Amino acid sequence: MFLASRNFCCRGIKLRTDLLSRSIKHSTSATMPFRHKNTRRIEGLDSNIWVEFTKMAADPSIVNLGQGFPDISPPSYVKEELAKVAAVDRLNQYTRGFGHPSLVKALSQVYEKVCGRKIDPFTDILVTVGAYGSLFSTIQALIEEGDEVIIIEPFYDCYEPMVKMAGAKPVFIPLRCKNDGNSAHSADWVLDPDELANKFNSKTKAIILNTPHNPTGKVFTLEELQVIADLCIKHDTLCISDEVYEWLVYKGNKHIKIATLPGMWERTVTIGSAGKTYSVTGWKLGWSIGPEYLIKHLQVVHQNTLYACPTPLQEALAQAFWIDYKRMDDPDCYFYSLSRELESKRDRMAQLLKEAGLNPVIPDGGYFMIVDVSTLNVDLSDVDDKQPYDYKFVKWMMASKKLSAIPLSAFCGSETKKQFEKYIRFCFIKKDSTLDAAEVILKNWNKQ
Amino acid sequence: FLFHSLQAKMSRPVQARRLEGVDKNIWVEFVKLAATYSKVNLGQGFPDFPPPDFLTEALTRALGGGNHMLHQYTRAFGHPPLVKVLAQFFEKLLGRDLDPMTNVMVTVGAYQALFCCFQALVDEGDEVIIIEPFFDCYEPMVKMAGGTPVFVPLRPNPPKDGKLMSSADWQLDPVELASKFSERTKAIVLNSPNNPLGKVFSRGELGLIAELCVKHDVLCISDEVYEWLVYDGKQHIRIASLQGMWDRTVIIGSAGKTFSTTGWKVGWVVGPDRLLQHLRTVHQNSVYHCATIVQEAVAQGFQRELMLYGKPESYFVQLPKELQQKRDWLVQSLDDVGMKPIIPEGTYFVVADISQFKSDVPDVPNSDEPYDSRFAKWMVKNKGLAAIPLSAFYSEAHKNNYTNFIRFCFAKEEATLKAANDILQKWKHEKTS
C-alpha cells in the first residue's frame, strides 16, 4: 500500500494536523466541531463553469448559444426507437454492466468499418454515461499520482479537474495562431512540434487529444496526428482520444482516428458520444473503444462506480445505429446528413458575426465557433470583478444584448488565460428560429 | 511487438493503483452463469415482472409529448421536476424542510450515489465500518477511495423453539460494534432493509448506531434502496430522523427498487448541504448529468405516489403487499424441501440454509472457493436454478464463516416462483428416492 512514489512529506503533515485537530477536539469536550470536509482528491475542484453559466442562460429572454447542446430535434427514427423500447418489459431491468449486448455489437460493426480492424464488442468496448463518463473511467483506470498528462489548450474544461482528481499533474500546451493572431480558420491554430516534444518526459502517462476540437473546431490533419503519434510511440505514452464530434466535419476535411495510425491502436482509448452523434445529449451514453488490455481496466472502474448504464436508452441507440450502419455508404446516413445541415448553420453564423464587426474563427468541424471580441473595444474596466475579460464580456452581453456564449478562458489552464481572454465561444447547433433571434441581436448590435 | 513495450516500459503496470484488489466482481461471473444455464433465475436482484403501468405510461407520454428538449441535457444535479418531488416526499418522511437544489441530488442508480459518497468523504487512511453481510460493492468502493474497510458481523441468534429464523434474529453485538469505532473511523455504512438478509433494523438498533456516530463524530452512509419493501406491518425507520443524525447522514434511494425498474438507473441522495456539496463536486467531475427522460418519468411516478400516499392504491402500499405473498410462497417452497429459509422482514431476498443438500456437492478440501459458491454454481448448471452464495456478501477474510447459505430473489412472477418450486420438489424427490 505504501509505495515510493507516494508523497511522504505531505502525508506526514496531514497526520500531524489530524493529531492536532483531534487533540483540540478532545480538550473542548462540550461541542465537537464538525470535522467532515471534502476529501483531498476533490480539493479545489468544486467550481464548474457550466453550473454558473447554465443558470444565467436559463433566463428565457436570453438567446442561448452557450452550452453545447442542440435545440433541434433528434432524428425522428431515434425517438421512435425509444418509444418502441418503452413498451418492452424486460428492457426496464438491468442489462450487461459493460454495455448492452445489442449496442456493443452495433458499435463494433460501425467502428470496424471506420477503423478497418476487428473490434471485439465484449472486450474492446465499454459503454459509459456519456463521453464524460468515458473520460472519467479512462482517467481513473490509467492515471494516478506521479503521472503527468498533456492537455492541449484550449480544452474541454473537464480534462483538468479529472486529471487532478486522479492525483496527476496536467501539463498544458497551447494551440497557437499561425498568422500572428489574425486567425480566420480553425486550421490556423496549430501546435508547435518542438514545444510539444518538450512537454513529454518519463512521467508522461498520457496525452489527451480532442479532434474535432472543442472549442476551436479544429480538425487535426494526418501530419499533425503523426507528430503526436510519433511522440507517443517514442515516449511510450497513452493517447486518450476524445472524438465525440467525429461525424461533424465540413467540406474539405476528413476526421482521422489516431488509433488507426501505425503503433497507436495498442496505446489509444477512443471516446465517442451518442449525444453528439444523434443530437441526444440528454441520453448520456458514450463509449470507449480500444485494446482489451486497456479497456479491461476501464471496465473495472465502471463496475465499481455505476455498474450499468440505462437499458432502454442503450437498446434504442443500438437500433438507431443499425439503421445508419446499413446506409453508411449512402449520403443520407445521419452521420453525414447532420454535418451537411450544420455546415450551412456554421456559414450563416459566421456571416452574422462578421456583419456585427466580430471576428469569427471558421471551424472545420464540431458545432462551436470561437470569436475574437476585442475588435469591439467594449470597455469593461469599471466592472471590478477579478474575472478575465471574456467572462466579463459574456456577462455583459447576456445582460445588455440578451445573447449568451461561453468565455474561452474557461477552457485554459491558469497560465494561458490571458492569451485566450479575447475569445468567446458560440454554439450553432440551433434551430433556425434561434439563429433568427441571434441575427436580430447581432444586426442591431451597434444601434444601442 | 509494441504491445509489450508499453507494459515493459512502465516499471509498474499500466493501470492505476487504485484498482488494486477491486477487479473481481461476483456479478460478472454469476450473471453470465445464469444467462448460460438457468431455467429459473432467482439470482441477481431484479424483478421479472414489469414496472407499474403508470410509470411506463409516464415515459411514453414524455416521448410522445412533442417536447424534444427532453432528449437534451437537464440540470446536472437532478432534473428540476424530480428533485422537487423528491424533496416534497422526503420532507414528509423526515419531518423537516428540504431544499430540492441543495438537499437532493440525482445519480445513476443508487450505485453511483454510493460511489459519490465514498469519493467525496473517504480519504486514504480513513476507516469505514461495514456490517456483514453487505451488498458487495461497499468494500471495493471503500478501497478504491483509499479507505480501510472495518467489518462487524450480524450474528445469528436462532430461536430456541426450533422455528425458522427471522432476519431479526441476526443482530449486532453492541460491545463488538462499539469496539470497531476508532479515531480513524470516517463513516459507517448502514443498509436497512439489509441486502442479503432482509433485516429491517429496529429503532433500538438504529439508536445504538446513532449514539456511536454522534459520540465519535462519524458519518453515516445510509443505503435505503429497499425502504418500501417491508413486511408484516414493520416500519422502515430512517436513521437520519434520529437525534443528531441529520447533519451526518447521507440517505441513498433508488427508483429501480422503488418502482421495479432497475434498468432505468435512477437513484438519489438526500442529506445536508454541507455533505451533499462534496457529492456534487464528485458528480460534476465524473458523470455530470444523468439521463433526462427517465428522470422526467420517475418524477411523474413520484408525483402520483405523493397524491396517493398512504392510500390503498399507492404503489408503495401495493408492492410490499404483493411481495410479501411472494416471500411467503418462496419461504414455504424452501421449507418444504428442507432448505431452511431465514424469513426476511424486508427487501426481496431470502437467504436459506442448504445444509441438507450438501451431499450433492461434495466438499473439496483446500479449495480456494467458498463452499456455497461451488454449491450455487453446481445448482445452476445441474438444476437450472440460479441463486447467489452468501459468501459473496462477506469480506475475503470472512467468506468461509457461513458456508451453507445461498440467497434467492423473490421479486418474480408467480410462474417463475412456481417453476422454482417444481425444480426444488423434483430435486428433493431425487434425493429421497
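Residues numbered from 1 in each chain as written. Chains lettered and ligands numbered in written order. Predicted model: local features only at pLDDT ≥ 70, side-chain atom pairs only at ≥ 80, totals over all residues. Heavy atoms only, no water.

**Considerations on the sheet that holds strand 11 (residues 359-361) of chain A**
All names here are of chain A.
- The 4 strands lie next to each other as 11-12-15-14, forming an open sheet whose pairing is antiparallel. If you trace the sheet from one side to the other, it starts and ends with strand 11 and strand 14 (406-407), each paired once.
- Two strands pair when backbone bridges link them, and strand 11 and strand 12 (residues 368-372) are joined in this way by 3 bridges, in the antiparallel orientation. Note that in strand 12 the partner of P360 across the bridge is V371.
- Most of the contacts of helix 12 (residues 334-355) go to strand 12, to which it runs at about 15°, and overall it touches strand 11, strand 12 and strand 15 (423-427). (Pairing = 2+ DSSP bridges. Helix = DSSP H or I, 4+ residues; strand = E, 2+ residues; numbered from the N terminus. Contact = heavy atoms within 4.5 Å. Axes fitted to C-alpha atoms, helices over the stretch in contact; angles between N-to-C directions.)

**Section: the sheet that holds strand 9 (residues 249-254) of chain B**
Residue and element names in this part refer to chain B.
- The strand order across the open sheet formed by 7 strands is 2-10-9-8-7-3-4, and the pairing between neighbours is mixed. Both outer strands of the open sheet, strand 2 (104-107) and strand 4 (148-153), are each paired with one neighbouring strand and no more. With direction set aside, neighbouring strand axes in the sheet form an average angle of 20°.
- Bridging between strand 3 (residues 127-132) and strand 4 involves 6 bridges; their strand directions are parallel. If you follow V128 over to strand 4, its bridge partner there is P149.

**Digging into helix 5 (residues 109-121) of chain B**
- Between its terminal C-alpha atoms helix 5 of chain B stretches 19 Å, which fits the 18 Å expected from 13 residues at 1.5 Å a residue.
- In terms of burial, helix 5 of chain B is largely enclosed, as 13 of its 13 residues are buried. (Expected span 1.5 Å × (residues − 1). Buried < 20%, exposed > 50% of the residue type's maximum accessible area, 1.4 Å probe, protein only.)

**Observations concerning the packing of helix 3 (residues 76-86) of chain A against helix 11 (residues 311-326) of chain A**
Residue and element names in this part refer to chain A.
- Where helix 3 meets helix 11, the closest approach of the two axes is 8 Å, and the angle between their N-to-C directions is 135°. The pairing of helix 3 with helix 11 is recorded here as oblique in orientation. Here helix 3 runs over helix 11; the crossing is right-handed. Contact with helix 3, carried on its side by Y77, V78, E81, L82 and V85, involves P312, L313, E315, A316, Q319, A320, I323 and D324 of helix 11 and no other residues of that element.
- Across the contact of helix 3 with helix 11, the residue classes break down as 9 nonpolar, 1 polar and 3 charged. (Parallel < 35°, antiparallel > 145°, perpendicular 65-115°, else oblique. Left-handed = near helix turned anticlockwise from the far one by under 90°. Nonpolar A, V, L, I, M, F, W, Y, C, P; charged D, E, K, R; others polar.)

**Observations regarding the interface of chain B and chain A**
- Chain B puts 88 residues into the contact, and the matching count from chain A is 89 residues.
- Contact between chain B and chain A buries roughly 7,800 Å² in total, counting both sides, with carbon and sulfur atoms accounting for 54%.
- Viewed at the interface, chain A and chain B are joined by 41 residue pairs in polar contact (both at pLDDT 80 or more).
- Looking at which element gives the most residues to the side of chain B that touches chain A, the answer is helix 5 of chain B, with 7 residues.
- Residues belonging to the side of chain B that touches chain A are distributed by class as follows: 43 nonpolar, 27 polar and 18 charged. (Buried area = accessible area lost by both parts, 1.4 Å probe. Polar contact = N/O pair within 3.5 Å; in protein donor to acceptor, adjacent residues only side chain to side chain.)

**Describing the pairing of strand 3 (residues 148-153) of chain A**
All names here are of chain A.
- Of all the 6 residues making up strand 3, 6 are buried; the element is thus mostly covered by neighbouring parts of the structure.
- The alternating pattern of strand 3 places E148, I150 and I152 and V149, I151 and E153 on opposite faces, both of which are buried.
- Where strand 3 and strand 4 (residues 169-174) come together, 6 bridges link them in parallel fashion. Bridging across to strand 4, V149 finds its partner in P170.
- Regarding topology, helix 6 (residues 159-165) serves as the crossover connection from strand 3 to the parallel strand 4, and that connection is right-handed. (Right-handed = clockwise from strand over helix to strand, strands pointing away.)

**A few points about the environment of A62(B)**
Residue and element names in this part refer to chain B.
- Along the chain, A62 turns up in helix 3 (residues 53-64).
- Residues A62 and G271 lie 209 residues apart in sequence; the distance between their C-alpha atoms is 29 Å.
- Beyond its immediate sequence surroundings of up to four residues, A62 is in contact with L70, I293 and E296.

**Describing helix 3 of chain A**
- Those residues of helix 3 of chain A that fall on the buried side of the exposure criterion are Y77(A), V78(A), E81(A), L82(A), V85(A) and A86(A).
- Along its buried surface, helix 3 of chain A packs onto helix 11 and helix 12 of chain A together with helix 3 and helix 11 (292-307) of chain B.

**Observations concerning the domain arrangement of chain A**
All names here are of chain A.
- Per the domain assignment, the segments making up chain A are domain 1 (48-72 + 333-444) and domain 2 (76-326).
- Computed over C-alpha atoms, the centres of domain 1 and domain 2 are 24 Å apart.
- In this complex, domain 1 contributes 39 residues to the contact, which on the side of domain 2 involves 40 residues.
- Counting each side, the surface lost to burial between domain 1 and domain 2 is near 3,300 Å², with a carbon and sulfur contribution of 58%.
- Linking domain 1 to domain 2 there are 1 salt bridge.
- For E343, the salt bridge identified is with K251, shortest N-O distance 3.9 Å. (Domains from an automatic or database assignment. Salt bridge = Lys/Arg side-chain N within 4 Å of Asp/Glu carboxyl O.)

**So, the UniProt feature "domain: Aminotransferase class I/classII large" (unreviewed entry) in chain B**
- As annotated in UniProt, the feature "domain: Aminotransferase class I/classII large" (unreviewed entry) corresponds to residues 39-420 of chain B in the numbering used here.
- From the first C-alpha to the last, residues 39-420 of chain B spans 9 Å; its make-up is 37% helix and 16% strand. (UniProt positions renumbered as here; feature names shortened; annotations may be inferred.)

**Looking at the domain arrangement of chain B**
Residue and element names in this part refer to chain B.
- Domain parsing of chain B yields domain 1 (23-50 + 315-432) and domain 2 (53-308).
- If you average the C-alpha positions of domain 1 and of domain 2, the two centres end up 25 Å apart.
- With 38 residues of domain 1 at the interface, the matching set in domain 2 holds 42 residues.
- Taken over both partners, the interface formed by domain 1 and domain 2 buries close to 3,400 Å², and the fraction arising from carbon and sulfur atoms is 60%.

**Description of the packing of aromatic side chains**
Residues and elements named next belong to chain B.
- Across all of its chains, the model carries 58 aromatic pairs over all chains by this definition.
- For the pair F259 and F316, a centre-to-centre distance of 5.6 Å together with 45° between the ring planes defines the contact as tilted. Here the residue F259 occupies a position in the loop between helix 9 (255-258) and strand 10 (267-270), and F316 occupies one in helix 12 (residues 315-337), the gap between them amounting to 57 residues.
- Of note, K199 hangs over the ring of F201, and the distance from its end group to the ring centre comes to 5.2 Å.
- A cation over an aromatic ring shows up here: K412 above the ring of F46, its NZ or CZ 4.2 Å from the ring centre. (Phe/Tyr/Trp six-rings, centres within 6.5 Å; stacked < 30°, edge-to-face > 60°. Lys NZ or Arg CZ within 6 Å of the ring centre and 35° of its normal.)

**With respect to the confidence of the model for chain A**
- Averaged over every residue, the pLDDT of chain A is 90; the share at 70 or more is 92%.
- Scored below 50 in pLDDT, residues 1-31 of chain A shows 19 contacts in the model against residues more than four places distant or in partner chains. (pLDDT = per-residue confidence, 0-100.)

**Here's the deal with the environment of K105(A)**
Residue and element names in this part refer to chain A.
- Within the secondary structure, K105 is located in helix 4 (residues 101-115).
- Expressed as a C-alpha distance, the spacing of K105 and W322, which sit 217 residues apart in the sequence, is 9.6 Å.
- In contact with K105, other than residues within four places in its own chain, are P121, F122 and W322.

**Details of the environment of W170(B)**
All names here are of chain B.
- Tracing the sequence through the fold places W170 in strand 6 (residues 170-171).
- Residue W170 is classed as buried on the basis of its relative accessible area, which comes to 0%.
- Spatially, the C-alpha atom of W170 lies 16 Å from that of T403, the residues being 233 residues apart in sequence.
- Setting aside anything within four residues of it in sequence, one finds W170 in contact with L154, R155, P156, M165, L197, K199, E205, I342, Y394, Y402 and F405.

**Description of the confidence of the model for chain B**
Residues and elements named next belong to chain B.
- A residue-level look at chain B finds 97% of positions with pLDDT of 70 or above and a mean pLDDT of 95.
- Low confidence marks residues 7-11, where pLDDT is under 50. Its contacts with residues over four positions away, or in another chain, come to 8 contacts.
- Both confidence scores are given for the complex: pTM 0.93, ipTM 0.95.

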